[in-house]
Structures are given as structure tokens and as C-alpha cells.
Amino acid sequence: MSNTDHARALCGFIDACPSMFHTTARIAERLEGAGFARLAEGDAWSVEPGGRYYVTRNGSSVIAFAVGEKLDDYHFQVAAAHGDSPVFKVKPVAELEGPADYLRLDIEAYGGMIDHTWLDRPLGVAGRVLVREGSRAVSRLYDSGRDVALIPSVAIHLDREMNSKLELNRAKDLVALFSAGDLVAGSFEQMVADDLGVAPTDILARDLFVYNRQPAVVWGAAGEFIGAPKLDDLGCAYAALEGFLAAGANAHQVNVYACFDNEEVGSNTKQGAMSTFLKDVLVRANAALGKTDEEYRRAVAGSFMVSCDNAHACHPNHPEKHDEANRCWLNKGIAVKEAANQHYCSDAFSRAALVAVLDAAGVPHQTFSNRSDMAGGGTLGNLSNTQVSMHGVDVGLPQLAMHSCFECAGARDVALGVDALAAFYACDLHIVGAESFELR
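This is a predicted model, so every value here is computed, not measured. (Residues numbered from 1 in each chain as written. Predicted model: local features only at pLDDT ≥ 70, side-chain atom pairs only at ≥ 80, totals over all residues. Heavy atoms only, no water.)

(A) Spotlight on the layout of surface pockets. Roughly 560 Å³ of volume is contained in the largest pocket. Ala311, His312, Phe368, Asn370 and Met402 are, among the 31 residues lining the largest pocket, the residues nearest its centre. At the level of elements, strand E15 (311-312) and strand E19 (398-400) are the ones that each hand at least two residues to the lining of the largest pocket. Classifying every residue of the lining of the largest pocket gives 9 nonpolar, 14 polar and 8 charged. (1 Å grid on protein atoms, 1.4 Å probe; cavity = no way out; pocket = protein on both sides within 12 Å on 5 of 7 lines; lining within 4 Å. Points joined across faces, edges and corners; volume = space filled by probe spheres on them. Helix = DSSP H or I, 4+ residues; strand = E, 2+ residues; numbered from the N terminus. Nonpolar A, V, L, I, M, F, W, Y, C, P; charged D, E, K, R; others polar.)

Structure (C-alpha cells):
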């Protein structure tokens, strides 16, 4: 696929993923189309050399693995991203009545979004709903598929200091308008029930989020940019997935792709990067292949993870916000991220290993570090290492306006990210402790 093809494919991927549950379903669909067999955590596993498999947890995280055919001296090569983004979640009792005939949605922040970017945008509702079916309860994906809410700004005439001092109270200013009188109390549940073709009394519980309905787009006079919701981290989720599929199976290793939920709220959930999900999958796959616990531990010792989460591109209006030497740019390839405070899992060994892989494949790459007086954010690499310890490096597609309701990235970086992850998966990276590595 060309640069433009991958950019437009990413736009389509994002549009099809209004919630983390939809993201997992979309990835599963892509994997099944590529010949991957689904495994269930509650079933016995049958895994064969040369086989390709995937498993989901909570309907919001997914791990896939492609098994090599020659596993005498094997290891795992893992790339991991996350499928959640900062949004607003609908509370269990969804509606606020008044003033007068207004009906509003009671919502709360999930993750650290830029609050003001959510104002005056048409919003949909998506997620999962637990529905009663006789004696069973089943999980159903839900997407309103239309604009049903909006968080209105206060007019400048009513707050003359708005442009000099904008302070938003999430319990007061960031409440979504749902109706001006045509709907009555209970209409939100009725809407969801009607869309699903069930009675409101059959809805037992739900995880629903309001989301920006603006479609993702390739833009710019020269088509240089992507504008979209959820680029952090669906950009990396897409690039890692397509790199994983493009590389195929490597004969001497097990290639692993992971897309975790809940990174934006700390990852410490049953389906997050700090959970046992990755460890459980690797241990069970190892056992199903007839390998011993000793062989598993030796394999992990020689394994490597690329933690994929977007990086801050140098801002055109505020270059002073970035480190003078260690800054990255749009459309110049993935950024390798490093921090002394260990918020990123990169170190000299892991950086050298990935750079060697990318240089050998002729794939461009950049460097990112925060300014020394800014703590910066963390991501899932070191968190996943609390369960499965292996060498790891943090990378990301450069982007602007991270955690905005509508973010910006470089169109060419999507294909460059796919190329980088494909090169990683295609390489046979042999590691000896922290003393040496070899590309075979």
C-alpha cells in the first residue's frame, strides 16, 4: 500500500472504532480475514507450529500471535499499542432533567482530555450493552450512528473574559445536551433499546461513551496531514497491526501483537497492560506447543517488546515546549522515546536493537525526549513489564494536539510506521542478556 493508501485506511479504521469495544471487534475481524483462528480464554487451546491465533479479553483488549515453524531456539517479538482514548463516559443513571424542559446526559471524563475541544461538536454514543436474552445476558456492541448530543459553549456575550481565562468545570460546563423538550425522562434508555431491538427492561448494564462524530480525513493542500479523533493511539494500533500482518510468521520466533484497553486511566485493570493478559497468553501458548516452563522463561529472557504510543511532534507555534535537540517532526518516521525517569521503557540496549533493525531495513526514525523541566507522560511498556519482563523500547507516530477531541498527524508517517513494525517482526532478533544482540 502507498503512503496515501495507508493514511486513508487509517481514517477508515478510526471511523469504524467509536469505542474500545468496537476497536477490538474491528481488529478481530481483520485478523480473521488474514487467517487467524480465535481462541477463548475459557477453552482448552490447541496451538501448532506455523499457526496463527488471537484471543480477546473483556471485549476491549486483543492479543494475536503467529507461531514460527522452527522453534528449537525461540523467543517472542512483541509490539503493543492501546485501543482506548480520552472520552466522556455516560453514567449509570444517564439523564439530568432541567432546567425547564431540557434533558441532559450525565457524563464523566475517562482519561485526560483537552476539555475545551469537546465543546460545540456533534456527539454520538457508542460502547457495549449487556442485554437479557431469556436466562442469559449477552454483550452487544452499540453505536448510535448519528449525532445525538452536544456540549454547548457559553456565548461570549455572557462571559466577556472567556478568551482570556477559560476554566471549565466538568460537572457543570461539560454536560451534554440531549433534548430541548421533545424527549422525556427515560428517552436515553429507550433510544438505546430501540436501536438494539430490545425492550428497555432487558438492558441490564452498559459501558457507553459519547464520542466525536467528525470523520477522520486526510487534509492539506498537498495531502500531508491526517485529522481525526483517537489518533492517540489508534494510529499506532493500526500501524502495528498492519506491520504484524505484512511480516507474516517468522520461522524461528513467535510474533505477538497486543492492543490493550485502559492505558488512558493507568492500565491497572484485568484487560490493561498491567494485567496478566499478555503473560497468560504467552504461558498458555508455550504450554500448548509442548514447551516446558523452563523453555518459556528462557524464551522470555531473549524476547523484545516495542511499546507503540504516539509521540509529541514539535508544535509549529510553540517550539519552546520541546527539547532543543531531542524533538520529532511530522512525516519523518516513528520517534524512539526515552526518559531518565523511566516513564518510557527505552534504554541504550533496546534503542540500539531497534535502531539496528530499522537501519538495516532502511526505515527512517527520529528521537524524542521531553524538555528536562517537564515530566511528560508515561505509557504501557514498563507497565506490561511488571508481568512479563523483557527488553523494550517505546516508539510513537509523531502528532500534534494529543488528547484533543480531534488530533493531527502526518499522513506519510502511517506508512512509515507500518514499515517500521513490519521490519521489526520480519527480523530474527537474538538477544543474550543485556550484553549483545544479533540480527539474523
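(B) Structural context of the packing of helix H4 (residues 231-247) against helix H9 (residues 411-426). Between H4 and H9, whose axes approach to 7 Å, the crossing angle comes to 45 degrees. Put simply, H4 runs oblique to H9. Helix-helix and strand crossings are classified by hand; for H4 and H9 the assignment is right-handed. Within the contact between the two elements, H4 uses Tyr238, Ala239, Ala240, Glu242, Gly243, Phe244, Ala246 and Ala247 and H9 uses Val414, Gly417, Val418, Leu421, Ala422, Tyr425 and Ala426. Of the residues in the contact of H4 with H9, the class split is 12 nonpolar, 2 polar and 1 charged. (Axes fitted to C-alpha atoms, helices over the stretch in contact; angles between N-to-C directions. Parallel < 35°, antiparallel > 145°, perpendicular 65-115°, else oblique. Left-handed = near helix turned anticlockwise from the far one by under 90°. Contact = heavy atoms within 4.5 Å.)

(C) Examining the nonpolar core more closely. Grouped together as the largest cluster of nonpolar side chains are 59 residues, with contacts concentrated most on Leu31, Ile226, Phe244, Tyr257, Val306 and Cys308. Top contributing element to this core by residue count: H4, with 10 residues. Beyond its immediate chain neighbours, meaning those up to four positions away, tyrosine 257 contacts Ile27, Val62, Ile63, Ala64, Ala79, Ala237, Ala240, Leu241, Phe244 and Tyr425. (Core = buried A, V, L, I, M, F, W, Y, C linked by side-chain atoms within 4.5 Å. Buried < 20%, exposed > 50% of the residue type's maximum accessible area, 1.4 Å probe, protein only.)

(D) Just the sheet that holds strand E11 (residues 217-219), in detail. Read from one edge of the open sheet, 5 strands run E11-E12-E20-E19-E15, paired in mixed fashion. Taken across any chain shown, the strands that pair with only one partner, and hence form the sheet edges, are E11 and E15. Bridge analysis of strand E12 (residues 225-228) against strand E20 (residues 407-410) gives 4 bridges, and the strand direction is antiparallel. Bridge assignment links glycine 227 to a residue of E20, and that residue is cysteine 408. Sheet strands in contact with H4 are E12, E19 and E20, and its direction is about 35 degrees off that of E20. Contacts between H9 and the sheet are confined to E12, E19 and E20, with E20 contributing the most and set at about 65 degrees to the helix. (Pairing = 2+ DSSP bridges.)

(E) Region of interest: helix H3 (residues 187-196). Buried within H3 are the following residues: Ser187, Phe188, Met191, Val192, Ala193 and Leu196. Looking at the buried positions of H3, the neighbouring elements they touch are strand E5 (87-97), strand E6 (103-110), strand E7 (123-133), strand E8 (136-143), strand E9 (176-179) and strand E10 (203-212). Glycine 197 sits one or two residues past H3 and shows a positive phi near 75 degrees.

(F) Structural detail: empty space enclosed by the protein. Summed over all chains, the structure comprises 5 cavities of 30 Å³ or more. There is about 90 Å³ of room inside the largest cavity. Lining the largest cavity are 13 residues, with Ser85, Pro86, Lys230, Ser404 and Cys405 positioned closest to its centre. Taken together, the residues of the lining of the largest cavity break down into 6 nonpolar, 4 polar and 3 charged. Size it by volume and the second largest cavity reaches roughly 60 Å³.

(G) Main features of the packing of helix H2 (residues 20-33) against H4. Between H2 and H4, the shortest axis-to-axis distance is 12 Å and the interhelical angle comes to 15 degrees. As the angle between them shows, H2 and H4 are arranged roughly parallel. For the crossing formed where H2 meets H4, the hand is right-handed. Residues Thr23, Ile27, Arg30 and Leu31 of H2 form the contact with H4, whose participating residues are Leu234, Leu241, Glu242, Phe244 and Leu245.

(H) Molecular detail of the state of the cysteines. Applying the stated criterion to the full structure yields 0 disulfides. You can see cysteine 11 has no disulfide; the closest cysteine sulfur is in cysteine 408, sitting 11 Å from it. For cysteine 11, a relative accessible area of 6% translates into the label buried. Cysteine 308 takes part in no disulfide bond, and the closest cysteine sulfur, belonging to cysteine 236, lies 5.3 Å away. (Disulfide = S-S within 2.5 Å.)

(I) Highlighting the packing of aromatic side chains. Considering all chains together, one arrives at 15 aromatic pairs under this definition. Aromatic rings pair up to connect Phe36, Phe244, Tyr257, Phe304, Phe424 and Tyr425 into one cluster. Geometry around tryptophan 45 places arginine 284 over its ring, the cationic atom sitting 4.2 Å from the centre. (Phe/Tyr/Trp six-rings, centres within 6.5 Å; stacked < 30°, edge-to-face > 60°. Lys NZ or Arg CZ within 6 Å of the ring centre and 35° of its normal.)

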